[in-house]
Amino acid sequence: MAAQMSSADQQVNELLVALQDGWAVEPPIYIRPTWWTFSASRLTYHFVLRRQGEMNLVSVTDNVVVRDLIEQQSWECSWLLAESDEF
């Protein structure tokens, strides 16, 4: 029986599969404090993906894999903070 993937692993896997399927990241990648999950992560990365006139949004909680991918690809990032957000 295969081991269950964590939520963060599932999110990274979704992003990697999309990239393998021909989706392209449209920078910037938006970063904001995590508020919609019980994850221990304090940040969420929002990737806007495009392919053949279609658009998709993939959100990934902060982890070393996603940070390394962003650095390796030299993708631009932009912070999304509301006035009420404290970080």
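What this report covers is the structure whose coordinates are included nearby. Computed from a predicted model, the values in this text were never measured in an experiment.

The rules behind each value
- Residues numbered from 1 in each chain as written.
- Predicted model: local features only at pLDDT ≥ 70, side-chain atom pairs only at ≥ 80, totals over all residues.
- Heavy atoms only, no water.
- Phe/Tyr/Trp six-rings, centres within 6.5 Å; stacked < 30°, edge-to-face > 60°.
- Helix = DSSP H or I, 4+ residues; strand = E, 2+ residues; numbered from the N terminus.
- Pairing = 2+ DSSP bridges.

Let us now look at the packing of aromatic side chains. For the structure shown, the criterion picks out 1 aromatic pair. Ring centres of Phe47 and Trp75 lie 6.1 Å apart, and the angle between their planes is 75°; this geometry places the pair in the edge-to-face category. Pair noted here: Phe47 is in strand β3 (residues 43–51) and Trp75 is in the loop between α2 (64–73) and β5 (77–79), with a separation of 28 residues, a long-range link.

This part covers the pairing of strand β4 (residues 54–61). Pairing geometry for β3 and β4, over 8 bridges, is antiparallel. Bridged to Tyr45 within β4 is Val60. A loop of 2 residues connects β3 with β4, the two strands running antiparallel in sequence, and Gln52 in this loop sits at a positive phi of about 45°.

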